[in-house]
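Per-entry structural report
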Amino acid sequence: MKTRILLIYTGGTIGMAYDRLTNALIPVDFHHIDDQIPELKRLNLEIDCYSFDVPIDSSNISTEHWVEIATVIEENYYSYEGFVILHGSDTMAFSASALSFMLENLGKPVVFTGSQLPIGQIRTDGKENLITAVEIAALKNDDGTPKVPEVCILFEDGLYRGNRTHKKNAEYFEAFDSPNYRPLAKVGIGINFNQSQILKYPDKAFQVHKELDPNVHVLHLYPGIRPQAVEAILKTTNLKALVLLTYGAGNATTDVWFLEMLNAAIENGIIILNVTQCEIGSVKQGLYETSSAFNRLGVIGGNDITFEAAITKLMVLLGCGFSREEIIEYLKISLRGEFTL
Ligand code: ASP
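Residues numbered from 1 in each chain as written. Predicted model: local features only at pLDDT ≥ 70, side-chain atom pairs only at ≥ 80, totals over all residues. Heavy atoms only, no water.

Description of the overall build of the protein
For clarity, the cut-off: Put simply, DSSP H or I for four residues or longer makes a helix, DSSP E for two residues or longer makes a strand, and each gets a number counted from the N terminus. Both definitions apply: the radius of gyration is a C-alpha atom measure, and the globule rule equals 2.2 Å times residues to the power 0.38. Counting rule applied: Lys, Arg positive; Asp, Glu negative; His and chain ends not counted. Every charge is mapped onto a representative atom, which is NZ of Lys, CZ of Arg, CG of Asp or CD of Glu.
Scanning the protein from terminus to terminus reveals 10 helices and 18 strands. Taken over C-alpha atoms, the radius of gyration comes to 21 Å for the protein, in line with the 20 Å a tight globule of 341 residues would show. Computed over 28 positive and 42 negative side-chain charges, the separation of the two mean positions in the protein equals 4 Å.

So, the nonpolar core
Cut-off, in case you're wondering: What we call a nonpolar core is a set of buried Ala, Val, Leu, Ile, Met, Phe, Trp, Tyr and Cys residues that are connected through their side-chain atoms within 4.5 Å. Exposed residues in this analysis have more than 50% of their type's maximum accessible area, buried residues have under 20%, and partly exposed residues fall in between, with area computed by a 1.4 Å probe over protein chains only. Two residues qualify as a contact provided that any one of their heavy atoms is within 4.5 Å of a heavy atom in the partner residue.
If you look at the biggest cluster of nonpolar residues, it comprises 55 residues, and the most contacted ones within it are Ile 73, Leu 99, Leu 103, Val 110 and Phe 112. Looking at this core, the element that brings in the most residues is helix 9 (residues 307-319), giving eight residues. Val 110 has contacts with Ile 73, Phe 83, Ile 85, Leu 103, Glu 150, Val 151 and Cys 152, leaving out every residue within four places of it along the chain. Listed in part, the 29 residues of the second largest apolar core include Ile 5, Leu 130, Tyr 181 and Ile 198.

Quick word on the pairing of strand 1 (residues 3-11)
Note the threshold: Pairing between strands is defined by DSSP: at least two bridges between the two strands are required.
Burial within strand 1 is extensive, with eight of its nine residues counted as buried. Bridge count between strand 1 and strand 5 (residues 82-86): five bridges; the pairing is parallel. Each bridged residue has a counterpart across the sheet, and for Leu 7 the counterpart in strand 5 is Val 84.

Details of the site of the ligand
Under the convention used in this document: Think of it this way: one heavy atom of a residue within 4 Å of a molecule or strand is enough to make that residue near it. Between N or O atoms, a polar contact is any pair within 3.5 Å; within protein, one atom must be a potential hydrogen donor and the other a potential acceptor, and residues adjacent in sequence are included only when both atoms are from side chains. Accessible surface area values rest on a Shrake-Rupley calculation with a 1.4 Å probe, where residue burial reflects the displayed protein chains alone.
The full set of residues close to the ligand is Gly 12, Thr 13, Asp 57, Ser 58, Gly 88, Ser 89, Asp 90 and Ser 115. Note that an oxygen atom of the ligand is positioned 2.7 Å from one of the backbone N or O atoms of Thr 13. Between the ligand and the protein, one listed contact pairs a nitrogen atom with a side-chain N or O atom of Asp 57 at 3.0 Å. Notes on the ligand: free accessible area 270 Å², of which the protein chains cover 91%.

Regarding the sheet that holds strand 18 (residues 300-301)
Heads up, the condition is: Between the N-to-C directions of two axes lies an angle of 0 to 180 degrees, each axis being a line fitted to C-alpha atoms and, for a helix, fitted only over the stretch in contact.
Pairing within the open sheet is parallel, and its four strands lie in the order 15-16-17-18. Of all the strands in the sheet, the pair left with one neighbour each is strand 15 (216-220) and strand 18. Sheet topology places strand 17 (residues 271-276) next to strand 18; two bridges connect them, and they run parallel. The residue of strand 18 that forms the bridge with Leu 273 is Ile 300. In the packing of helix 7 (residues 256-267) onto the sheet, the strands contacted are strand 15, strand 16 (241-246) and strand 17, and the crossing angle to strand 17 comes to about 130°.

What to know about the packing of aromatic side chains
As a reminder of what qualifies: Whether two aromatic rings pair depends on their centres lying within 6.5 Å, for rings of Phe, Tyr and Trp, where Trp uses its six-membered ring; planes under 30 degrees apart make the pair stacked, over 60 edge-to-face, and the rest tilted. Throughout this description, the term charge over a ring refers to an Arg CZ or Lys NZ atom that lies within 6 Å of the ring centre and within 35 degrees of the ring normal.
Evaluated as defined, the whole model comprises seven aromatic pairs. Ring pairing ties together the aromatic residues Tyr 77, Tyr 78 and Phe 206, which thus form one cluster. Here the basic side chain of Arg 4 rests over the ring of Tyr 80, its NZ or CZ set 4.5 Å away from the ring centre. The ring centre of Phe 193 lies 5.3 Å from the NZ or CZ of Lys 147, which sits over that ring.

Concerning the packing of helix 3 (residues 63-76) against helix 4 (residues 92-102)
As a reminder, the rule being used: Roughly parallel means an angle under 35 degrees; roughly antiparallel, over 145; roughly perpendicular, 65 to 115; everything else is oblique. Here a crossing is called left-handed whenever its near helix is offset anticlockwise from the far helix by less than a right angle, and right-handed whenever the offset is clockwise.
One way to put it is that helix 3 packs onto helix 4 with a least axis distance of 10 Å and a crossing angle of 50°. The orientation of helix 3 with respect to helix 4, classified from their angle, is oblique. Crossing geometry of helix 3 relative to helix 4 is assigned as right-handed. In this structure, helix 3 uses Trp 66, Val 67, Ile 69, Ala 70 and Ile 73 to contact helix 4, whose residues at the interface are Phe 94, Ser 95, Ala 98, Leu 99 and Met 102.

So, the sheet that holds strand 12 (residues 185-187)
Pairing is mixed across the open sheet formed by eight strands, whose spatial order is 4-1-5-7-8-9-12-13. Each edge of the open sheet carries a strand with a single partner, namely strand 4 (45-56) and strand 13 (191-193). Across the sheet, the mean angle from the axis of one strand to that of its neighbour is 20°, orientation sign disregarded. Pairing of strand 9 (residues 158-161) with strand 12 involves two bridges; the strand directions are antiparallel. Across the sheet, Leu 159 pairs through a bridge with Ala 185, a residue of strand 12. Running over the sheet, helix 5 (residues 126-138) touches strand 1, strand 4, strand 5, strand 7 (110-113), strand 8 (151-155), strand 9, strand 12 and strand 13 and is turned about 160° from strand 5.

The structure is reproduced here in structure tokens:
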């Protein structure tokens, strides 16, 4: 029996073409892609495709689209050995992060990929990315378990844990970075896996969390931020959780008005997660005086979690209907390898 892989096409540059009238890139029908990559047929695999009814630029991705992807995986989980998600790169790190939290005890590869140039263009990076993603999704260990049983991103020469990634480049083919976690594999002449970096095959049953609660917000700090701006965010209707983007090792202004506003928000039940604006390194609340108040107030330190993982983890945890206390406990634990302990 051939290994079976399901391609899920959501849109993105990989499947776009230039609109004749406007000359802007717009998503086109998936079968366009299929025709463009006859090489796929040469892999000794059975590859089926599922396409969004209306393929989208990933800037239009929403929580409903994540639920659609998760549902397709859930419904086809036992029929396929691996899943490849074709997705625009702009929000791929968010989608890969969200799916990593939605798919619990995942025992199959879910490999996101896309490209910087449409697949129909001569110098496209899309063909190579797609072919490598499919190969990785089909790879198995000697004991028959999948090589990479987790949600990951394959782009250019790197395979990354999805919830550790960040789109760093809108110009060059190497679009993604995983600043605080080594790649799961480096792709060159061969595919060299860092086996110790890859999540273990789960020993519990696969579960899908499809309720997401997007009542989360972000407060990106900058010197000179006005109290009205902070208040407007903290007073957002239905706000349940806030990602606070702080400086350095999780530091912020010690202005009394600021700390009082955070305190009031926490007393009103809002969960605040402290995530650093730095690419590399971790939040260490209490290291500097400018973060010691956070421990007192009950702000949660996010370690080296990315913004993309922080916001989507909160959406999934809130959607699961956990109590505030349970969510805070889950934020302190790395659920899918999303931060370094
Ligand atoms: N705007 C495109 C998207 O994210 C860019 C890409 O595909 O890389 O859908």
